[in-house]
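Each chain, letter by letter, is given below.
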Amino acid sequence: MSRSAHPAGPRHADVLPEGHYTAPATDLNVLDEKVWSRTVTRDANGALTVGGIEVARLAEEFGTPAYFLDESDFRARCRAWADAFGPGADVFYAGKAFLSRAVVRWLQEEGLNLDVCSGGELTTALDAGMPAERIAFHGNNKTVAEIERAVEAGVGRIVLDSFQEIARVAHIAQGRGLRQRVQIRVTVGVEAHTHEFIATAHEDQKFGIALAGGQAAEAVRRALTLDGLELIGIHSHIGSQIFDMAGFEVSARRVVQLLAEVRDEHGVELPEIDLGGGLGIAYTSEDDPREPHEIAKALSDIVTRECESANLSTPRISVEPGRAIVGPTAFTLYEVGTIKPLEGLRTYVSVDGGMSDNIRTALYDAEYSVALVSRSSDAEPMLVRVVGKHCESGDIVVKDAFLPADLAPGDLIAVPATGAYCRSMASNYNHALRPPVVAVRDGEARVIVRRETEEDLLRLDVG
Ligand code: LLP
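Figured I'd write up the structure that's included with this text. (Residues numbered from 1 in each chain as written. Predicted model: local features only at pLDDT ≥ 70, side-chain atom pairs only at ≥ 80, totals over all residues. Heavy atoms only, no water.)

Before going further, it helps to spend a moment on the nonpolar core. Ranked by internal contacts, the top residues of the largest apolar core, which has 109 residues, are Phe 74, Tyr 93, Ile 184 and Ile 413. For this core, the element with the highest residue contribution is helix α8 (residues 246-266), accounting for eight residues. The residues that make up this core include at least three from each of domain 1 (10-70 + 328-460) and domain 2 (138-321). Leu 48, Ile 53, Val 55 and Ala 66 belong to the second-largest nonpolar core, a separate cluster that totals 22 residues. (Core = buried A, V, L, I, M, F, W, Y, C linked by side-chain atoms within 4.5 Å. Buried < 20%, exposed > 50% of the residue type's maximum accessible area, 1.4 Å probe, protein only. Helix = DSSP H or I, 4+ residues; strand = E, 2+ residues; numbered from the N terminus. Domains from an automatic or database assignment.)

A word on the sheet that holds strand β2 (residues 48-50). Taken in spatial order, the three strands line up as β1-β2-β3 in an open sheet, and their pairing is antiparallel. The sheet is open, and its two borders are formed by β1 (41-42) and β3 (53-54), each paired with just one other strand. Where β1 lies against β2, two bridges are found, and the strand directions are antiparallel. Bridge pairing in β2 places Thr 41 opposite Thr 49. (Pairing = 2+ DSSP bridges.)

Turning our eyes to something else, we now look at the site of the ligand. Taken together, 19 residues lie around the ligand, and Ser 240, Glu 320, Arg 323, Arg 360 and Tyr 421 are the ones closest in. Between the ligand and the protein, one listed contact pairs an oxygen atom with a side-chain N or O atom of Arg 360 at 2.6 Å. Across the shell around the ligand, the residue classes break down as six nonpolar, seven polar and six charged. Summarising the domain contributions, the shell around the ligand has at least three residues from each of domain 1 (10-70 + 328-460) and domain 2 (138-321). (Near = heavy atom within 4 Å. Polar contact = N/O pair within 3.5 Å; in protein donor to acceptor, adjacent residues only side chain to side chain. Nonpolar A, V, L, I, M, F, W, Y, C, P; charged D, E, K, R; others polar.)

Our focus in this paragraph is the pairing of strand β21 (residues 444-449). Walk down a regular strand and you will see the side chains alternate between the two sheet faces. With five bridges joining them, strand β20 (residues 437-441) and β21 adopt antiparallel strand pairing. Its bridge partner being in β21, Val 440 is matched across the sheet by Ala 445.

Pasting the structure below:
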């Protein structure tokens, strides 16, 4: 799903004759800083360290598989987004990418807001002390109970996703004598260049209310008449893992057009627009993501320009990056178990995790890279497929990559850029125990989400 073809050959071939792939020109011991978090480096012995701690020590203390999250990198990325957008805009971290109480505290300390999309995420946010007014609540089918909790907690905004929800939220707020701040999520009808399952701005899908056919204008009309709602703006999220700013520009333009129509029809200038998240990150060396300041400039330029030409005052902009903040900050550490060379094809390297800790390869054909991290090696590169220990052949973590040919059981290998949508989409398939998330910072490592235990599994099984 990364935008680029695999550097070493075609992407979608299941079986390739040897020689079809060319071995990488780069030394496998050299870490590409594009895909590794900021404090990752190799020590004098060739072993990988993060936050100053060697991976072998981390594996010994916390076990494998495990996610190691570079806390100072996470905080630096939060600050980069906040600084890029400045005090005149709001950055909401999309909690679906990865959420825990520690993360919520870091967000507060770094001045970010939080986007949640379920009762569970809302509970985590509130429990960790995020002020409700800094929370945005999303979702195409929020339950009545979830809406009630969000309204009672006083969340800063609810993003309305359907006509039914406009009525539901209005009714719930009004019944409590409250006026809930809301935005309306629209689908702007652009094709984002990303995997179909994570593209969200075309009209044939479940999210949002279409601009086309006057649907969104009708939603605004209804929301403005309801006492329980304070309509503060329009929201658009076009998809995920996007590199090309063109989709955001079209989206911003169309949202501003709607604001102008609203002004013309109702004499009201809605004060905010939210352009969603979706900014791509580097999963492999081939990906070239934009920096937050470039993104901020591109978005604010287009909104300012469009507003000037529509004679509107420029609304306050908000954005909702998830992957771009947490994705690059973590890697998954695995221990190599079995190795199966297939003459003339490739070598299957089985690790102690798999699709239960990273479903993205199986689900989106996502690309990742991998490195031997417990030592360096001067052996020749060998073409590998890194697979998990689950009972199906689609259990692939890294489809095509190179590792040194002297790889052996017991070696530690790591897959970088697994901070987003890996732990948050992890499962108990085959009764796997979901791995811990360990935050590493300045020579200290601490568990922020503990490893599941067999007792956890049995506790839920009450039959
Ligand atoms: N805002 C809204 C309304 C969203 O629906 C999403 C993601 C985001 C922000 C954050 O998007 P990000 O910046 O993280 O790309 N499981 C998929 C991604 C699904 C994204 C869902 N919505 C994956 O693993 O690629």
